[in-house]
Amino acid sequence: MRHKLTLAFVTALAVLPLGSAIAQVGESGYSLPLALAVKAATNAIATCASNGYPVSAVVVDTSGVIKLEAKGDHSTILTTTSAFRKAYTVVTFGPIFRFDASSAFAELVSKNPNGAVFSTLPDILPLAGAVAIKAKGEVVGALGVSGSPGGDKDEACAQAGVASIKDDFASLR
């Protein structure tokens, strides 16, 4: 009898943390559809290309996992890496420091005397060029862009990409 009670107790404890972890990823359980990730990234790349900037774009989910990586025509090899790191920074630190664009984090880091330590963390890149993707006010991912001559231009293209899918969220649950 005691063995059954202990087994039931351990099983209950093992299940509880799983529920808590799921709740931390998103409040509604909504996830970004691949089709919208493709549309946002494609529009970001096209926006930069129309200005003469060969860039790459990466979309990550709320856990920082790559949903889509798109290397734009004529973009250089490291643009996908830096686009990922910018997007990862937005979903990792955005909820903590309350920002939706990596430029806000870059500014925060530059003003903090200990800000350089953030650059030593894995996959964190405090540079402009990424924005949060939101559905009904909830962050569901981030779009990072890299390759233009300046993070402000990357971020403008990322904003254009996210703006291109804004109306698509209304039709989703």
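Residues numbered from 1 in each chain as written. Predicted model: local features only at pLDDT ≥ 70, side-chain atom pairs only at ≥ 80, totals over all residues. Heavy atoms only, no water.

Trainee: Would you take a moment to explain the environment of Ala135 for this structure?
Mentor: Looking at the element boundaries, Ala135 is found in strand S3 (residues 130-135). Taking the C-alpha atoms as reference points, Ala135 and Phe169, 34 residues apart in sequence, are found 6.1 Å from one another. In contact with Ala135, not counting residues within four places along its chain, are Tyr30, Val140 and Phe169. (Helix = DSSP H or I, 4+ residues; strand = E, 2+ residues; numbered from the N terminus. Contact = heavy atoms within 4.5 Å.)

Trainee: Before we go on, may I ask you to explain the packing of aromatic side chains in this structure?
Mentor: Ring pairs (aromatic) are described by centroid distance and by the angle formed between their planes. Tallying each qualifying case throughout the model produces eight aromatic pairs. Judged by centre distance (5.6 Å) and plane angle (45°), the rings of Phe84 and Tyr88 are tilted. Placement of both Phe84 and Tyr88 in helix H3 (residues 79-97) is noted, with a separation of four residues, approximately one turn of the helix. An aromatic cluster of three or more residues is present, and its members are Phe93, Phe97, Phe99, Phe105 and Phe118. (Phe/Tyr/Trp six-rings, centres within 6.5 Å; stacked < 30°, edge-to-face > 60°.)

Trainee: Explanation requested: helix H4 (residues 102-111) in the structure shown.
Mentor: Turn by turn, an α-helix covers 3.6 residues, leaving residues three or four places apart pointing in a common direction. Listed in full, the buried residues belonging to H4 are Ser102, Phe105, Ala106 and Val109. The buried residues of H4 occupy an angular sector of 100° when the element is viewed end-on, so they sit on one face. On its buried face, H4 sits against H3, S3 and helix H5 (151-163). (Buried < 20%, exposed > 50% of the residue type's maximum accessible area, 1.4 Å probe, protein only. Arc of directions from axis to C-beta.)

Trainee: Help me out: how do you make sense of the state of the cysteines in this one?
Mentor: Under the counting rule described, the total for this entry stands at one disulfide. Between the sulfur of Cys48 and that of Cys157 lies a disulfide, 2.0 Å long from S to S. Across the S-S bond linking Cys48 and Cys157, the dihedral sits near 110°, which makes this disulfide right-handed. Taken together, the positions of Cys48 in helix H2 (residues 34-50) and Cys157 in helix H5 put the pair 109 residues apart, joining distant regions of the chain. A relative accessible area of 2% means that Cys157 is categorised as buried. (Disulfide = S-S within 2.5 Å.)

Trainee: Sorry, what's going on with the nonpolar core here?
Mentor: The nonpolar side chains of a soluble globular protein tend to be buried, and buried together. Grouped together as the largest cluster of nonpolar side chains are 26 residues, with contacts concentrated most on Leu32, Val59, Ile133, Leu143, Val145 and Phe169. At the level of elements, H2, strand S1 (56-60), S3, strand S4 (138-146) and H5 are the ones that each hand at least two residues to this core. In terms of residue count, the dominant contributor to this core is H2 (seven residues). Contacts of Val145, omitting those with residues within four sequence positions, involve Ala44, Cys48, Val55, Ser56, Ala57, Ala83, Lys86, Gly129, Asp154, Cys157 and Ala158. Counting 16 residues, the second largest nonpolar core, distinct from the first, contains Val60, Phe84, Ala87 and Phe105. (Core = buried A, V, L, I, M, F, W, Y, C linked by side-chain atoms within 4.5 Å.)

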